[in-house]
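Notes for the structure review
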Amino acid sequence: MKITLNTALAGALALGLSTTAGFAQDVTLRCQHFLSPKGSVPKFFMVPWAEKIEKESGGRIKVEIYPAMQLGGKPPALYDQIRDGVIDCGWALPAYTPGRFPEAEAFELPFMTSMSAEASSKAAWEFSEKYLMERMNDVHLMATHVHGPGVIHKKGEPIMAAADFAGLKLRGPSRQANQLLETLGATPVGMPVPAFPEALSKGVVDGGVIPWEIVPPLKVHELTDSHTQIGGDRALYNTFFIWAMNNDTYNSLPDDLKAVIDANSGLETSGWAGRAMDQGDALGMKVVADKGNKIHTLDDAVVSELKVIGDKQTAAWIEDMASKGLDGAGMVSMAQELVAKYSDN
């Protein structure tokens, strides 16, 4: 077949346009979480992160944030939604699927994390690079983080001593937090945090443990009377979070857009997510104080008593991990070293 010069030029032009169109493709990332938009992580991390991604990609990546599970499902399903491509990215708690990600529990042990979510979140990322990348290789991790120090919120008078936990029905977020509450004599009731207000209002629980930052969005200060926080330099418990992308979504990006995602992932991004929690804690505590609810800080003697109980739980966790063929002692040691490292910075 005879090909004219004009035909050849047209073909070359079409090929060039096709290549350019492929390079300049627009990508929409649909990201989901289970909180209201008023939550600290959505407000101070997710939305600013999305805006930063859009700006640094020159508008080629659009990030849509869907709060309160608007795309369907329940909070425990979020990891699988990310993995399976139901959503392109999301915010998930390994603790909502107990036993599935045992390594993450190292940061949920009693008195493991510092009072700074930002510092402890950087520690969590470095820990994750060694211990969680293989376990979570079916998603693309962009950040791992923790919240600020957990606080005990309840109806009636505040917790003043370890003995005051006895007989209380308290909401807990994780296997480790629930174990601690049970050891202290409470009846732990595990549930995702969005279910906590209804459980309080219906009398299913007497109270529960959550950080200050999530109190106002859930209106927990309107459903409780007192709030007990821990003194010292370590948190009573914590919860481990991930911010992750579907592998196929990430791998389908051209290299320059992958670079944008990579530049907004990792150590500093994890610290940013933790910092969002710290910001929310300051605001949340002020809301509670302004309402006039009782706020009590446990004294050193009570904290020391709780630490003894926490140390026993940590030792039991190490043995449990060893029975599963995992280096629990190594994980605890590394987590402690990293928390100290970033807390000193």
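In short, a report on the structure. (Residues numbered from 1 in each chain as written. Predicted model: local features only at pLDDT ≥ 70, side-chain atom pairs only at ≥ 80, totals over all residues. Heavy atoms only, no water.)

Things to note about the pairing of strand β6 (residues 169–172)
- Note that β6 and strand β7 (residues 187–190) share four bridges and pair parallel. Among the inter-strand pairings, Leu-170 is bridged to a residue of β7, identified as Pro-188.
- Here β6 runs beside strand β8 (residues 207–210); their pairing, made up of two bridges, is parallel. Looking at the pairing, Leu-170 lines up with Gly-207 of β8. (Pairing = 2+ DSSP bridges. Helix = DSSP H or I, 4+ residues; strand = E, 2+ residues; numbered from the N terminus.)

Regarding the packing of helix α5 (residues 175–183) against helix α12 (residues 300–323)
- Here α5 crosses α12 at 130 degrees, and the two axes come no closer than 11 Å. It follows that α5 is oblique to α12 by the angle criterion. Between α5 and α12 lies a crossing of right-handed hand. Along its contact with α5, which presents Arg-175, Gln-176, Gln-179, Leu-180 and Thr-183, the element α12 presents Ile-309, Gln-313, Trp-317, Asp-320 and Met-321. (Axes fitted to C-alpha atoms, helices over the stretch in contact; angles between N-to-C directions. Parallel < 35°, antiparallel > 145°, perpendicular 65-115°, else oblique. Left-handed = near helix turned anticlockwise from the far one by under 90°. Contact = heavy atoms within 4.5 Å.)

Examining helix α11 (residues 267–291)
- With 25 residues, α11 should cover 36 Å at 1.5 Å per step; its first-to-last C-alpha distance of 37 Å lies within 8% of that length.
- Looking at α11, one finds that the buried residues are Thr-269, Ser-270, Gly-271, Trp-272, Ala-273, Gly-274, Ala-276, Met-277, Gly-280, Asp-281, Gly-284 and Val-288.
- Two residues or fewer after α11 comes Gly-292, characterised by a positive phi angle close to 95 degrees. (Expected span 1.5 Å × (residues − 1). Buried < 20%, exposed > 50% of the residue type's maximum accessible area, 1.4 Å probe, protein only.)

Looking at the pattern of salt bridges
- Per the counting criterion, the structure on display carries 16 salt bridges.
- Between Lys-62 and Glu-64 there is a salt bridge, with its nearest N and O atoms 3.7 Å apart.
- Across the pair Asp-320 and Lys-324 runs a salt bridge whose closest N-O atoms are separated by 2.8 Å.
- You can call Asp-320 partly exposed: its relative accessible area is 22%.
- Connected through salt bridges with shared partners, the residues Asp-80, Arg-83, Asp-84 and Arg-100 form a single ionic network. (Salt bridge = Lys/Arg side-chain N within 4 Å of Asp/Glu carboxyl O.)

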